[in-house]
Every structure is written in structure tokens, then in C-alpha cells.
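# Structural characterization, general
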Amino acid sequence: ALDWPKAVGFVGANTYLQLHKSTLPQLLQLFSEYGPDYVFGTDPRRKWGQYTTRFPKHENVISLKNGAQILAYSLDNYNVIRGLDLAYIWLDETRDTEEEAFQVLLARRRGFQDVCDKLNHPVRITTTPDGFDWLYDRFGDPTRAAQDAVLIRSSSYENPFLPSGYADNLARQYSRNLAKQELYGEFINLQKGRAYAFERHRHVAKTEYEPRLPLIFTHDFNRAPLCSVIMQADETSGEAWVL
């Protein structure tokens, strides 16, 4: 915003409550402590007089004194953002964001091409993982992740702004896998049951039908549609293979 005052930015969270109770207060606090003079939800012309604003209303707009403006929206109704022109985007707690909302936002990065070509990673996400979802496919899976994306993983123990003992207290309450996700930012399958400790890099591999072993069929009649699995088990190795 300081480097490109003529471009429009975007800050998004999943709900209006999350945006105004969690995401924006921290951002505006940083503006107040370290950043430029700004107004939020107010016509900047009331404070600075001569000001070139792009919007007739300002209830969801952060305006900086240098002329930069940043839209602050929730993504629960992402169709309202289809007409926007954006240069840079920050999304918070994207684990609860629909993939289509993310795709819509990517398509809105237009109209500021001279800026977009010079920005370093103009779309940024901060989030806790939530299993092997679309975020994993786009950023975590080494075989499918976007080539121009960078994944930075950090644990709660490395967060200098948390109270002393905060992470240790959570670790005592969490299960092993939940701690891996919530405290260490790892992509983990948290589905309970016999697959609770499932880890994709260890337990997914190519396997073939072994004619010397019987086939095992399992059926889950409580799912709609019906779920059926074909397996083989090798008592010698102590392994079971899902075909």
C-alpha cells in the first residue's frame, strides 16, 4: 500500500464476525503502531480534503493518507467481489474458505497490470491447515502444488506474540495429530477411528492384487452413497493393502 498508492488491495476473512473481531483489529493495530495515517469506514475527504477516492461509499474501505485504498470483505457471499479490480490480496484463516471464492479472487487481479507484474507474491494466505483439502492440493502437495507458490510453515512455539506457556498448555490438551495441525501447521488427517494416525506420505503407495491372498470386502451401510472397500491382508508382513 505504501509502495503502490494507486493500486487497490483486498483483505478477506470467512465471515463478517471473523473479519471485524480477529483479522482487521490486528491489521489496524499494526497501522496505528508502525504504519501511515489511515481511516476505516469513513470518507477520506472528510479528514484530508483533497483526496482521490475510487468509491462512492467507504464502509468496507481502508484509506491511507498516501492515497492507497484497501477493501475489507467477508467471503461468505463472495459473489459481491466479482466486479472488483484488485492488485494484491491477503486472506486470513483460509481453511474455512471455499475454493471457488479463492478462484474468484484470483480472477479479480486485473486493471493494475503495471503493479501486478512487479509485486512479490501479491496473493498471500495466513491459515491453520485442515487436513488434505484444496489448500493442500494447491500449496502442500509437492506433486501438484502451484509452481509459483511458496509455502511457509511455522509453529506456535515460534510465535513471539503468544503469552508464555500458551503453546505448552494447548499441547497438553491436544492429541498428537491435533497438535501437529494446530501447533505445528502440518497437513494431517484428523478423521477418527482406525485411520486416525493416517499419514499420506507413509500410507499411500502403489499396490497390486496378490493372487495368493484372499480378497476382503468391507461395506459401510451408514454412508450415502454406500462405501465399499476391497482389501488384502498379509499375515507375514502384518500389512493390509486397500486395492
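Before reading further, recall that the structure is shown in the block above.
To keep things clear, this report deals only with the structure shown in the data block. (Residues numbered from 1 in each chain as written. Predicted model: local features only at pLDDT ≥ 70, side-chain atom pairs only at ≥ 80, totals over all residues. Heavy atoms only, no water.)

## What to know about the overall build of the protein
- For the protein, the count of helices and strands is eight helices and nine strands.
- Here the protein has a C-alpha radius of gyration of 24 Å; the compact-globule value for 243 residues is 18 Å, and the former is much larger.
- For the protein, the spread of C-alpha atoms along the three principal axes comes to 85 × 40 × 35 Å.
- The burial tally for the protein puts 35% of its 243 residues in the buried class.
- Across the protein, contacts joining residues at least 24 apart in sequence account for 52% of those joining residues at least 6 apart.
- Split by element, the accessible area of the protein, about 15,900 Å² in all, is 50% carbon and sulfur.
- The average position of the 28 basic charges and that of the 31 acidic charges among the side chains of the protein differ by 6 Å. (Helix = DSSP H or I, 4+ residues; strand = E, 2+ residues; numbered from the N terminus. Rg over C-alpha atoms; globule rule 2.2 N^0.38 Å. Buried < 20%, exposed > 50% of the residue type's maximum accessible area, 1.4 Å probe, protein only. Contact = heavy atoms within 4.5 Å. Areas by Shrake-Rupley, 256 points an atom, 1.4 Å probe, with all protein chains shown as cover. Lys, Arg positive; Asp, Glu negative; His and termini not counted. Charge placed at Lys NZ, Arg CZ, Asp CG, Glu CD.)

## Quick notes on helix α3 (residues 99–107)
- Residues Ala 101, Phe 102, Val 104 and Leu 105 constitute the buried set of α3. Considered in projection along α3, the buried side chains sweep an arc of 160° and stay on one side of the axis.
- The secondary structure elements touched by the buried residues of α3 are β1 (8–13), β5 (88–92), β6 (123–126) and α5 (134–140). (Arc of directions from axis to C-beta.)

## Observations regarding helix α1 (residues 16–34)
- For α1, which comprises 19 residues, the first-to-last C-alpha distance of 26 Å matches the rise-based estimate of 27 Å (1.5 Å per residue) to within 8%.
- Along α1, the largest kink reaches about 45° and is centred on Leu 24; proline Pro 25 follows within four residues of it.
- Of all the residues in α1, the buried ones are Gln 18, Leu 19, Thr 23, Leu 24, Leu 27, Leu 28 and Phe 31.
- Against β1, β2 (38–40), β3 (61–64), β4 (69–74) and β5 lie the buried residues of α1. (Expected span 1.5 Å × (residues − 1). Bend = angle between axes of the 7 residues up to and from the residue.)

## With respect to the sheet that holds strand β9 (residues 239–242)
- Ordered by their spatial adjacency, three strands build an open sheet running β7-β8-β9, and the pairing between neighbours is antiparallel. A single partner strand is all that each edge strand has here, and the edge strands are β7 (216–220) and β9. Between one strand axis and the next, the sheet turns by 35° as a mean value, whatever way the strands run.
- By the bridge criterion, five bridges tie β7 to strand β8 (residues 227–234) in an arrangement that is antiparallel. Following the sheet pairing, Ile 216 is matched in β8 by Met 231. (Pairing = 2+ DSSP bridges. Axes fitted to C-alpha atoms, helices over the stretch in contact; angles between N-to-C directions.)

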